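Each chain is listed here by its residues.
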Amino acid sequence: MTGPETPASFKLAYVPGVTPSKWVRIWNERSPGVPLKLVQTTAAEAAGLVREREVDAVLLRLPIDREGLHAIPLYTETTVVVVPKDHLIAAADEVSVDDIADDVVLHPLDDTLDWERPPGKPALERPATTADAIELVAAGVGLLVVPQSLARLHHRRDLTYRPISGTPESGIALSWPDEETSDLMEQFIGIVRGRTVNSTRGRQQAPEKQTPEKKAPAKSKRPQTAGRKPQPGQRGAPKGGKRRRRG
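Residue positions are given per chain, counting from 1 as you read along its sequence in written order. Only residues with pLDDT of 70 or above have their local features reported here, since the model is predicted, and side-chain atom pairs are shown and tallied only from 80 upward, although totals for entire chains, interfaces and linings are computed over all residues. Think of the side-chain values as coming from all heavy atoms in the structure, minus any hydrogens and water.

**Q** How should the environment of Asp111 be read in this particular structure?
**A** The helix and strand labels rest on DSSP assignments: H or I over at least four residues marks a helix, E over at least two residues marks a strand, and numbering proceeds from the N terminus. Along the chain, the position of Asp111 falls in the loop between strand E7 (104–106) and strand E8 (121–122). In this structure, the C-alpha to C-alpha distance between Asp111 and Ala44, residues 67 residues apart in sequence, is 9.5 Å. Residues adjacent in sequence count toward polar contacts only when both atoms are side-chain atoms; beyond that, a polar contact is any pair of N or O atoms within 3.5 Å, and within protein one must be able to donate a hydrogen and the other to accept it. A polar contact is formed between the side chain of Asp111 and the side chain of His107, at a distance of 3.1 Å.

**Q** Before we go on, may I ask you to explain the sheet that holds strand E9 (residues 143–147) in this structure?
**A** Two strands in a sheet stick together by hydrogen bonds in their backbones, pointing the same way (parallel) or opposite ways (antiparallel). Think of it this way: DSSP has to see at least two bridges between two strands before they count as a pair. Strand order in the open sheet made by the 6 strands is E6-E10-E5-E9-E7-E8, with mixed pairing throughout. Of all the strands in the sheet, just strand E6 (95–96) and E8 have a single pairing partner and so form its edges. Contact definition: two residues touch when any of their heavy atoms are within 4.5 Å. Angles run from 0 to 180 degrees between N-to-C directions of axes, and those axes are lines fitted to C-alpha atoms, restricted for helices to the stretch in contact. Here helix H3 (residues 130–138) sits on the sheet and contacts strand E5 (79–84), E7, E9 and strand E10 (159–165); the angle it forms with E9, its principal contact strand, is near 140°.

**Q** Is there a simple way to explain helix H5 (residues 183–192) in this structure?
**A** Note: α-helices contain 3.6 residues per turn, so residues at a spacing of three or four share the same orientation. Here's how the labels work: a residue is buried when its accessible area is under 20% of the maximum for its type, exposed when over 50%, partly exposed in between, all with a 1.4 Å probe on protein chains only. The set of residues buried in H5 consists of Met185, Phe188, Ile189, Gly190, Ile191 and Val192. Buried-residue contacts for H5 involve strand E1 (10–14), helix H1 (21–30), strand E2 (36–40), strand E3 (57–62), strand E4 (69–76) and strand E11 (171–177). Two residues or fewer past H5, Gly194 is found with a positive phi of approximately 80°.

**Q** Got a minute to help me understand the packing of H1 against H5 in this structure?
**A** Each pair of packed helices can be described by the angle between their axes along with the distance between the axes. Two elements in contact, H1 and H5, have axes whose closest approach is 10 Å; the angle formed by their N-to-C orientations is 125°. Compared by their axis directions, H1 and H5 come out oblique. Where H1 crosses over H5, the two elements pack in a sense that is right-handed. Contact residues: H1 offers Trp23, Ile26, Trp27 and Arg30, while H5 offers Leu184, Gln187, Phe188, Ile191 and Val192. An angle counts as roughly parallel when it lies under 35 degrees, as roughly antiparallel when it exceeds 145, as roughly perpendicular when it falls between 65 and 115, and as oblique in every other case. Here a crossing is called left-handed whenever its near helix is offset anticlockwise from the far helix by less than a right angle, and right-handed whenever the offset is clockwise.

**Q** Got a minute to help me understand the pairing of E10 in this structure?
**A** Consecutive side chains along a regular strand alternate between the two faces of the sheet. Pairing geometry for E5 and E10, over 5 bridges, is antiparallel. Bridging across to E10, Val83 finds its partner in Thr160. Relative to E10, E6 runs parallel, the two being bridged by 2 bridges. Counted as the bridge partner of Val95 is Ile164 from E10.

**Q** What exactly am I supposed to notice about the pattern of salt bridges here?
**A** Pairing is possible between side chains of opposite charge, provided their charged atoms come close. The working definition used for a salt bridge is a side-chain nitrogen of Lys or Arg within 4 Å of a carboxyl oxygen of Asp or Glu. In the structure shown here, the tally under the stated rule is 6 salt bridges. A salt bridge links Arg53 to Glu179, with the shortest nitrogen-to-oxygen separation between them at 3.3 Å. Of this pair, Arg53 sits in the loop between helix H2 (46–51) and E3 while Glu179 sits in the loop between E11 and H5, placing them 126 residues apart in sequence. A relative accessible area of 68% means that Glu179 is categorised as exposed. Across the pair Arg156 and Glu135 runs a salt bridge, and its minimum N-O distance is 3.1 Å. Taken together, the residues span a long stretch of sequence, with Arg156 in the loop between helix H4 (148–153) and E10 and Glu135 in helix H3 at a distance of 21 residues. When its relative accessible area of 27% is taken as the criterion, Arg156 is described as partly exposed. Where salt bridges share partners, they join Glu135, Arg156 and Asp158 into one cluster.

This is a description of form; function is not addressed.
Shown next as structure tokens:
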């Protein structure tokens, strides 16, 4: 149980390839008294963590089963093919699925792209993980098609990657239980959506203080002409010229 002396915290899970450091930095600047705890998870387990309330929210890859979950799409990644540096594809700026039709293309069991199987020729066995598949690419066994962030995560000096068209793309989303949206959750949503610190979304605005109305100054009852000499031709003005004295 947590007591009043226990500080609030926010627990965020994220899948490989996602880099939450920018959002964590903004959180720490805005809420230094509320720790943000990071939990790294696999793509397969990500949705389950937040459904079971083991974390407050998770940055995961789409598509997912959205039953019981909110999901805000954040961005879509470029899909790339990972090849040895001496492969012919390394000389191109971009390739298509037709360019790898004659190559063995590895299909790891933790593949994050939404397809039944990748293009090209299938390998004899499916690697257990993307990291294992990367090792096989380096050994010359085949090629690998992945989201660009995973190619960067598993970077090796003897490998390179190129954008590939005609393949599914991986979308990154922020997900949390749909039964509750706490103030801390609203705060993190605002951060990932780029809201400023002064945004009032998700928080009630304090009512404006009622200030007593100032009474308008009373109009002067003095005529507007008071203190001013009448102009010639106006009523009350002398009819011009000096009067002659009667002698």
